[in-house]
Amino acid sequence: QVQLVESGGGLVQAGGSLRLSCVASGSIFRINVMGWYRQAPGKQRELVAHISRGGSINYADSVKGRFTISGDNAKNTVYLQMNSLKPEDTAVYYCAAQGVVTTSYTYADYWGQGTQVTVSS
């Protein structure tokens with residue numbers, strides 16, 4: 001019903017930058033929040049940043065000042081600009097669409113398949 005497709009992951013040296021993109025498609029009426037989570041090996045999935053439909057933004061303390069989230073409500077798209085990357089940012093990054101109202105008036109959260117970000121030292 002709703003699909004999320006991420007792109008932009010890859011391998012980068014410490015101090016470098018990457019830009020992640022995520023597009024949601026399908027029977028979408030409205031998305032309330034879009035965001036990025038990450039999961040490193042052996043660790044729990046954690047919030048990186050999210051942005052509400054109204055533009056409210058929240059960042060994890062570990063990425064404040066380095067990462068910037070932005071979105072386009074009309075295109076059901078969210079971006080994550082990652083600068084000054086560190087080896088500890090290495091993880092699989094997942095896009096999330098939360099509070100999605102579909103054209104069938106269902107309400108649920110959806111996840112992308114994940115994209116690998118690897119930061120070498």
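These notes cover the structure that comes with them. (Residues numbered from 1 in each chain as written. Predicted model: local features only at pLDDT ≥ 70, side-chain atom pairs only at ≥ 80, totals over all residues. Heavy atoms only, no water.)

## Side note on the overall build of the protein
Inference 1: What the protein contains, in helices and strands, is zero helices and 11 strands.
Inference 2: Each helix (α) and strand (β) of the protein, taken in turn from the N terminus, gives the series β-β-β-β-β-β-β-β-β-β-β.
Inference 3: Against the 2.2 N^0.38 benchmark of 14 Å for 121 residues, the protein shows a C-alpha radius of gyration of 14 Å, consistent with a compact globule.
Inference 4: Each principal axis of the C-alpha distribution contributes one length, and for the protein these read about 50 × 25 × 20 Å.
Inference 5: When the 121 residues of the protein are sorted by exposure, 42% land in the buried category.
Inference 6: Sequence separation of at least 24 residues holds for 56% of the intrachain contacts in the protein that already meet a minimum separation of 6.
Inference 7: On the protein, the mean spot of the 10 positive side-chain charges and the mean spot of the 7 negative ones are 4 Å from each other. (Helix = DSSP H or I, 4+ residues; strand = E, 2+ residues; numbered from the N terminus. Rg over C-alpha atoms; globule rule 2.2 N^0.38 Å. Buried < 20%, exposed > 50% of the residue type's maximum accessible area, 1.4 Å probe, protein only. Contact = heavy atoms within 4.5 Å. Lys, Arg positive; Asp, Glu negative; His and termini not counted. Charge placed at Lys NZ, Arg CZ, Asp CG, Glu CD.)

## Quick notes on the state of the cysteines
Inference 1: Summed over the entire model, instances satisfying the criterion amount to one disulfide.
Inference 2: Covalent S-S linkage joins C22 and C95, the inter-sulfur distance amounting to 2.0 Å. Across the disulfide from C22 to C95, rotation about the S-S bond amounts to roughly -85 degrees, and the bridge is consequently left-handed. Of the two residues, C22 sits in strand β3 (residues 18-26) while C95 sits in strand β9 (residues 91-102), which places them 73 residues apart along the sequence. (Disulfide = S-S within 2.5 Å.)

## Topic: the pattern of salt bridges
It is possible for side chains of opposite charge to pair when their charged atoms get near one another.
Inference 1: Scanning all chains against the criterion turns up four salt bridges.
Inference 2: The residue D89 makes a salt bridge to R38 at a minimum N-O spacing of 3.0 Å. Residue D89 is found in the loop between β8 (77-82) and β9, and its partner R38 is found in strand β4 (residues 28-39); the two are separated by 51 residues along the sequence. (Salt bridge = Lys/Arg side-chain N within 4 Å of Asp/Glu carboxyl O.)

## Concerning the sheet that holds strand β1 (residues 2-7)
Inference 1: Taken in spatial order, the four strands of this open sheet run β1-β3-β8-β7, and their pairing is antiparallel. The open sheet has two edge strands with one neighbour each: β1 and β7 (67-72). Averaged over all pairs of adjacent strands, the angle between their axes in this sheet comes to 15 degrees, without regard to strand direction.
Inference 2: In this structure, β7 lies alongside β8, joined through six bridges in antiparallel fashion. Of the residues in β8, the one forming a bridge with G71 is V78. (Pairing = 2+ DSSP bridges. Axes fitted to C-alpha atoms, helices over the stretch in contact; angles between N-to-C directions.)

## Quick notes on the environment of S17
Inference 1: Along the chain, S17 turns up in the loop between β2 (10-13) and β3.
Inference 2: A relative accessible area of 39% places S17 in the partly exposed class.
Inference 3: C-alpha separation for the pair S17 and N83, spaced 66 residues apart in sequence, amounts to 4.4 Å.
Inference 4: Filtering out sequence-adjacent residues up to four positions away, S17 remains in contact with V12, Q81, M82, N83, S84 and L85.

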